Amino acid sequence: MVKNVLSFAGYISAALILIYLLVAVAAMIFQRRLLYIPDAARVSPREAGLTDVSEVEMKTPDGETLIVWAAPAKEGRPTLLYFHGNGGGLIDRRERIQRFTMAGYGVFMMSYRSYSGSTGAATEKANIADAALAFDTLVARGVRPSEIVIYGESLGTGVAVQTAAARKPGAVILDAPYTSMIAAAQQHYAWLPVKPFLIDTYRSDQHIANVTAPLLILHGALDGIVGADLGRKLFALANQPKDM
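Here we summarise the structure given alongside this text. Bear in mind that the values here come from a model prediction, so they are computed numbers and not experimental data.

1. Some thoughts on the sheet that holds strand S7 (residues 148–153)
Strand order across the open sheet formed by 8 strands is S2-S3-S6-S4-S7-S8-S9-S10, with mixed pairing between neighbours. If you trace the sheet from one side to the other, it starts and ends with strand S2 (54–59) and strand S10 (242–243), each paired once. Direction of pairing for strand S8 (residues 171–175) relative to strand S9 (residues 215–218): parallel, over a ladder of 4 bridges. Paired with Val172 across the strands is Leu215, a residue of S9. The strands touched by helix H3 (residues 94–102) are strand S3 (65–71), strand S4 (79–83), strand S6 (106–110), S7 and S8; relative to S6, the strand with the most contacts, the crossing angle is about 155 degrees.

See the structure below:
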């Protein structure tokens, strides 16, 4: 009887280990589907009720087309180069865009690859390259770097930090940032081997020291997606002048 119980317990343990391994492998294979959750529908700013915003097609060197929603700044106001979060698309930020434009700020909001009608597939490498292209495109359109505020939202804070480290904007705003995608993922998947297998790591903690523009970090204390402790840790690593 005891032998049978031990044998059954062994089968259960082996089954649980197998299930864990299958889940871990699936998470590793499909990790980008967990990280990037695009709304692929292409909706024009006018359809979204933003009559003062235009749609811009930005061509990448590797042949993709990115959809950008753009609005010029009023005299004396900066332009927000905006990198959105991992879910939805441009239309989900229409209320933010409306508030920004009503306050006179310019907006240049790029959608990542596969989002909002943009072609290709989102990856960290592609997003960082596309963000630098967006900055340079904005400058080519006549906006001085000192008049550009790089604004990152959630996932987009990782894009914003690396862009601000490589370019010289007038200021940087990080809305719900993280130190790295490794740390953010570990908050939700502590039982998975995240660190060795994560592909797109967005190591803001390694790039923030190269950001010299004035920095503002915004973070909800009750944020259940990106814990505010990660925002505080990134703030501690950042150069002055900074505020949170």
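More follows now that the structure is in view.
2. A word on the pairing of S6
Burial analysis of S6 places 5 of its 5 residues in the buried class, the great majority of the element. Here S6 shows two buried faces, one formed by Gly106, Phe108 and Met110 and the other by Val107 and Met109. Pairing analysis gives 4 bridges linking S3 to S6, with the strands arranged antiparallel. Bridge pairing links Ala71 to Val107 in S6.

3. Notes on the pattern of salt bridges
Within the structure shown, the criterion is met by 10 salt bridges. The shortest N-O distance in the salt bridge between Arg42 and Glu55 comes to 2.5 Å. Here Glu55 lies in strand S2 and Arg42 lies in the loop between strand S1 (37–38) and S2, a separation of 13 residues in the sequence. Classification of Arg42 as partly exposed rests on a relative accessible area of 41%.

4. What to know about the packing of helix H4 (residues 124–140) against helix H5 (residues 155–166)
Look at H4 against H5: their axes get within 9 Å of each other, and the N-to-C directions meet at 55 degrees. When the interaxial angle is binned, H4 and H5 end up oblique. In this structure, the crossing between H4 and H5 has a hand that is right-handed. Within the contact between the two elements, H4 uses Glu124, Asn127, Ile128, Ala131, Ala132 and Phe135 and H5 uses Gly158, Val159, Gln162 and Thr163. Looking at the contact of H4 with H5, its residues break down into 5 nonpolar, 4 polar and 1 charged.

5. Let's talk about the nonpolar core
Ranked by size, the top nonpolar core spans 46 residues in total, and within it Leu81, Phe83 and Tyr202 carry the most contacts. At 6 residues, H5 tops the list of elements feeding residues into this core. Look past the residues within four positions of Leu81 in its chain and what remains in contact with it is Phe108, Ala134, Phe135, Leu138, Ile148, Val149, Ile150 and Tyr151. Ranked by size, the runner-up nonpolar core spans 17 residues in total, among them Ala71, Tyr82, Val149 and Ala171.

The rules behind the values
Residues numbered from 1 in each chain as written. Predicted model: local features only at pLDDT ≥ 70, side-chain atom pairs only at ≥ 80, totals over all residues. Heavy atoms only, no water. Pairing = 2+ DSSP bridges. Helix = DSSP H or I, 4+ residues; strand = E, 2+ residues; numbered from the N terminus. Contact = heavy atoms within 4.5 Å. Axes fitted to C-alpha atoms, helices over the stretch in contact; angles between N-to-C directions. Buried < 20%, exposed > 50% of the residue type's maximum accessible area, 1.4 Å probe, protein only. Salt bridge = Lys/Arg side-chain N within 4 Å of Asp/Glu carboxyl O. Parallel < 35°, antiparallel > 145°, perpendicular 65-115°, else oblique. Left-handed = near helix turned anticlockwise from the far one by under 90°. Nonpolar A, V, L, I, M, F, W, Y, C, P; charged D, E, K, R; others polar. Core = buried A, V, L, I, M, F, W, Y, C linked by side-chain atoms within 4.5 Å.

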